[in-house]
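# Structural overview for review
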Amino acid sequence: MISLQRFLTNGRLFISNNLAGRFIRAVTFGRKNWYFSTRMAGAPANTIGYCIIQTAKENGINPFEYLTVLFTELPQLDIFHSEQWENYFPWSAYIQAKVKPLFKHIKRA
């Protein structure tokens, strides 16, 4: 009973687990979609796409715009110069400046 009342003595604790539920919801939807991969290679491809989108979200950028930049600019790169690839990570200064923030209230340094 004491653990259930812990949130009454500490204002930083949440009464519900809605925040945790929101973060895990995307994983649950992804897992359900992976069941319908038509080939064995489909599940890893879905996983890679999901990871790219989640990484963009975690870095505060719009995933759709990030994928648009990747699909339009990466085919133009010389794949043998790996230093160019670093500009296209979601946390790079180039992408942070080029892609809109995921939420309007995020202010960039």
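Structure: above.
Residues numbered from 1 in each chain as written. Predicted model: local features only at pLDDT ≥ 70, side-chain atom pairs only at ≥ 80, totals over all residues. Heavy atoms only, no water.

Once that is clear, we can look at helix H4 (residues 63–73). Of the residues making up H4, those classed as buried are Pro 63, Tyr 66, Val 69, Leu 70 and Glu 73. For H4, the angular spread of the buried residues around the axis is 125 degrees, confining them to a single face. Projecting away from the buried face of H4 at angles above 90 degrees are the exposed residues Phe 64 and Phe 71. Considering only its buried residues, H4 is in contact with helix H3 (42–58) and helix H6 (93–98). One side-chain oxygen at the N-terminal end of H4 lies 2.9 Å from the backbone nitrogen of Phe 64; it belongs to Asn 62. (Buried < 20%, exposed > 50% of the residue type's maximum accessible area, 1.4 Å probe, protein only. Helix = DSSP H or I, 4+ residues; strand = E, 2+ residues; numbered from the N terminus. Arc of directions from axis to C-beta. Contact = heavy atoms within 4.5 Å. Polar contact = N/O pair within 3.5 Å; in protein donor to acceptor, adjacent residues only side chain to side chain.)

Counting residues in each nonpolar core, the largest one holds nine residues, listed as Ala 56, Ile 61, Tyr 66, Val 69, Leu 70, Leu 77, Tyr 88, Ile 95 and Val 99. Looking at this core element by element, the count peaks at three residues for H4. When near neighbours in sequence (up to four residues on either side) are disregarded, Tyr 66 contacts Ile 52, Ala 56, Ile 61, Tyr 88, Phe 89, Pro 90, Ile 95 and Val 99. (Core = buried A, V, L, I, M, F, W, Y, C linked by side-chain atoms within 4.5 Å.)

Quick look at the packing of aromatic side chains now. The tally for this structure, following the rule as stated, stands at two aromatic pairs. On the basis of an interplanar angle of 70 degrees and a centroid distance of 5.5 Å, the ring pair of Tyr 88 and Tyr 94 is categorised as edge-to-face. By relative accessible area, which is 10% here, Tyr 88 ends up buried. Ring centres 5.1 Å apart and planes at 25 degrees place the aromatic pair Phe 89 and Trp 91 in the stacked group. (Phe/Tyr/Trp six-rings, centres within 6.5 Å; stacked < 30°, edge-to-face > 60°.)

This part covers the packing of H3 against H4. Relative to each other, H3 and H4 sit at 120 degrees, their axes nearing to 9 Å. Accordingly, the angle class assigned to the pair H3 and H4 is oblique. Viewed along their axes, H3 and H4 form a crossing whose handedness is right-handed. Across from Ile 52, Ile 53, Ala 56 and Lys 57 in H3, the residues of H4 making contact are Pro 63, Tyr 66, Leu 67 and Leu 70. Among the residues forming the contact of H3 with H4, the class breakdown is seven nonpolar, no polar and one charged. (Axes fitted to C-alpha atoms, helices over the stretch in contact; angles between N-to-C directions. Parallel < 35°, antiparallel > 145°, perpendicular 65-115°, else oblique. Left-handed = near helix turned anticlockwise from the far one by under 90°. Nonpolar A, V, L, I, M, F, W, Y, C, P; charged D, E, K, R; others polar.)

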